[in-house]
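Coordinates in review
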Amino acid sequence: MPNVTFVASANAVAYLGAEPVLFDIDQKTWQLDLDLLETFLSQDCYSAKGGVYHSKSGARVAAVMAVHVQGNVCDMDRLCRLCDKYELPLLEDAAEALGSKYNGKYTGTLGDIGCFSFNGNKIISTGGGGMLIARDDNLQKRAKHLATTAKTDPMTYFHDEVGYNYRLVNVLSAIGLAQLEKLDAFVEKKRQIAETYRHSLRGVGDIGFQKIEDNVESNEWLFTITTEGAQNLMDYLTAREIMVRPFWVPMNMLPMYSNCLYVSGSHNISNEVHSTALSIPCSTSLDTRDQDYVIRSITDYYK
Ligand SMILES: *Cc1c(COP(=O)(O)O)cnc(C)c1O
């Protein structure tokens, strides 16, 4: 999995008693670096009966998790080919990417299992909770079984393993369905906001953006810029009552994951992006006047 993500992606691995292997990200797209993954699988692992094993530790590589960071998508064709070749399941953490597409196909439908979040900050929300999708009926049934306390039939209280209470309750599901009707409009609005920012902030100071490849239609869930003095700019905008957010601390810098294997090239891109990135207002409720104020403030900062 990528080293740059929200902590929940790594936690999901840890809950299972597994250990995340953290890969650095691509400098331009901020997604899992597939060159590093390919090299790791071909040079640092071996295939044997029962799966792929990491040579040095002997640990089995159980799955690959792509995270569609900020609604953007990595080269999924290449990633699918890689996972096919090594017969590794491909999970998509599409929590931020509901409505994003890769080669015209929705994210979450490209791998074996896709998961989405309806947390309060996501593009649609039920207040909390989420959704898991899988192409394979058996995987769907298995997930549902585990999420509903592993009860073997609706009447008797017979549970055949340790399950979870992970269901999205019916009231929240109803809210989610109503929210889903608005998804297209939300995506449209997010794209407009992002387009306006890109157009107005390109060439201002040293501002950079996350690259979105031509075959990706991002839902533009969160708009993030990079600049050398990110902290100064954050302070400046905060003083102007503009809400800004720093970028996630990379997983290998968090205490519970600092001992995990971290695979990177000669540059530590995770850290570079972390220390230069900041997210600026991009809610679907942001009006033109407020966005203009944000743009003007950022432009003033560089004068
Ligand atoms: C929000 C988020 C999650 C977690 O979703 P919850 O519904 O809050 O559990 C997981 N991964 C990523 C990348 C996220 O942004």
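Residues numbered from 1 in each chain as written. Predicted model: local features only at pLDDT ≥ 70, side-chain atom pairs only at ≥ 80, totals over all residues. Heavy atoms only, no water.

Notes on the pattern of salt bridges
Using the criterion set out here, one finds 7 salt bridges in the structure. Between aspartate 300 and arginine 240 there is a salt bridge; the shortest N-O distance is 3.5 Å. Separated by 60 residues along the polypeptide, aspartate 300 in helix α9 (residues 288-301) and arginine 240 in the loop between α7 (230-239) and β14 (245-246) bring together distant segments of the chain. Residues aspartate 300 and lysine 303 are paired through a salt bridge, measuring 3.5 Å at the closest nitrogen-oxygen approach. In this structure lysine 303 comes out as exposed when scored by relative accessible area, which is 78%. One salt-bridge network, held together by shared partners, links Asp35, Glu38 and Arg78. (Salt bridge = Lys/Arg side-chain N within 4 Å of Asp/Glu carboxyl O. Helix = DSSP H or I, 4+ residues; strand = E, 2+ residues; numbered from the N terminus. Buried < 20%, exposed > 50% of the residue type's maximum accessible area, 1.4 Å probe, protein only.)

Here's the deal with the packing of aromatic side chains
The geometry of an aromatic ring pair is captured by the separation of the ring centres together with the interplanar angle, meaning the angle of the planes. Tallied over the full model, the rule gives 9 aromatic pairs. On the basis of an interplanar angle of 65 degrees and a centroid distance of 5.5 Å, the ring pair of tryptophan 30 and phenylalanine 247 is categorised as edge-to-face. A residue pair is termed long-range when its members are at least 10 positions apart, and tryptophan 30 in the loop between β1 (22-23) and α2 (34-44) and phenylalanine 247 in the loop between β14 and β15 (262-263) qualify at 217 residues. For the residue pair tryptophan 30 and phenylalanine 247, the accessibility class agrees, reading buried in each case. Plain terms: the ring middles of tyrosine 164 and tyrosine 166 are 4.8 Å apart, the flat faces sit at 25 degrees to each other, and that makes the pair stacked. Through a chain of ring-to-ring contacts, the aromatic side chains of Trp30, Phe247 and Trp248 assemble into a single cluster. (Phe/Tyr/Trp six-rings, centres within 6.5 Å; stacked < 30°, edge-to-face > 60°.)

A word on the environment of serine 57
On the secondary structure map, serine 57 appears in the loop between β3 (51-54) and β4 (60-61). A polar side-chain atom of serine 57 sits 2.8 Å from a polar atom in the side chain of histidine 54. (Polar contact = N/O pair within 3.5 Å; in protein donor to acceptor, adjacent residues only side chain to side chain.)

What to know about the sheet that holds strand β7 (residues 101-102)
The strands that make up a sheet are held in pairs by hydrogen bonds between backbone atoms, and each pair lies either parallel or antiparallel. In space, the 3 strands of this open sheet follow the order β8-β7-β12, with antiparallel pairing throughout. In the strand order of this sheet, the two ends are held by β8 (105-106) and β12 (216-217), each with one partner. Across 2 bridges, the pairing between β7 and β8 is antiparallel. Pairing of tyrosine 102 across the sheet is with lysine 105, part of β8. (Pairing = 2+ DSSP bridges.)

Looking at the site of the ligand
The full set of residues close to the ligand is Thr5, Phe6, Ala8, Ser9, Val67, Asp93, Ala95, Glu96, Ser117, Asn119, Lys122 and Gly129. One of the side-chain N or O atoms of aspartate 93 is found 2.7 Å from a nitrogen atom in the ligand. When grouped by side-chain class, the residues that make up the shell around the ligand number 4 nonpolar, 5 polar and 3 charged. (Near = heavy atom within 4 Å. Nonpolar A, V, L, I, M, F, W, Y, C, P; charged D, E, K, R; others polar.)

Thoughts on the environment of proline 281
Tracing the chain through its elements places proline 281 in the loop between β16 (277-280) and α9. Taking C-alpha positions, proline 281 is 8.9 Å from arginine 245, a pair spaced 36 residues apart along the chain.

Comments concerning the sheet that holds β4
Sheet architecture is open: 3 strands sit in the order β2-β3-β4, paired in antiparallel fashion. On the outer flanks of this sheet lie β2 (45-48) and β4, each paired with one strand and no other. By the bridge criterion, 4 bridges tie β2 to β3 in an arrangement that is antiparallel. In the strand pairing of β3, alanine 48 is matched with glycine 51. Contacting β2, β3 and β4, α2 crosses the sheet at an angle of about 60 degrees to β2. (Contact = heavy atoms within 4.5 Å. Axes fitted to C-alpha atoms, helices over the stretch in contact; angles between N-to-C directions.)

What to know about α2
The complete set of buried residues in α2 reads Leu34, Leu36, Leu37, Phe40 and Leu41. Projected down its long axis, α2 shows its buried positions confined to an angular sector of 160 degrees, all on one face. Structurally, the start of α2 carries an N-cap: the backbone nitrogen of aspartate 35 is 2.9 Å from a side-chain oxygen of aspartate 33. (Arc of directions from axis to C-beta.)

Quick look at the pairing of strand β5 (residues 64-67)
Side chains Val64 and Ala66 of β5 all project onto a buried face; the interleaved residues Met65 and Val67 project onto the opposite face, where all are buried too. With 4 bridges joining them, β5 and strand β6 (residues 90-93) adopt parallel strand pairing. Residue pairing across strands places methionine 65 opposite leucine 91, the latter belonging to β6. The β-α-β motif built from β5, the intervening helix α3 (residues 76-85) and the parallel element β6 has right-handed crossover chirality. (Right-handed = clockwise from strand over helix to strand, strands pointing away.)

Observations regarding the state of the cysteines
A full pass over the atoms with the stated rule returns 0 disulfides. Just so you know, cysteine 45 is unpaired, no disulfide at all, and the nearest cysteine sulfur is the one on cysteine 83, 12 Å from it. A disulfide-free cysteine, cysteine 74 has its sulfur positioned 8.5 Å from the sulfur of cysteine 80, the nearest such atom. (Disulfide = S-S within 2.5 Å.)

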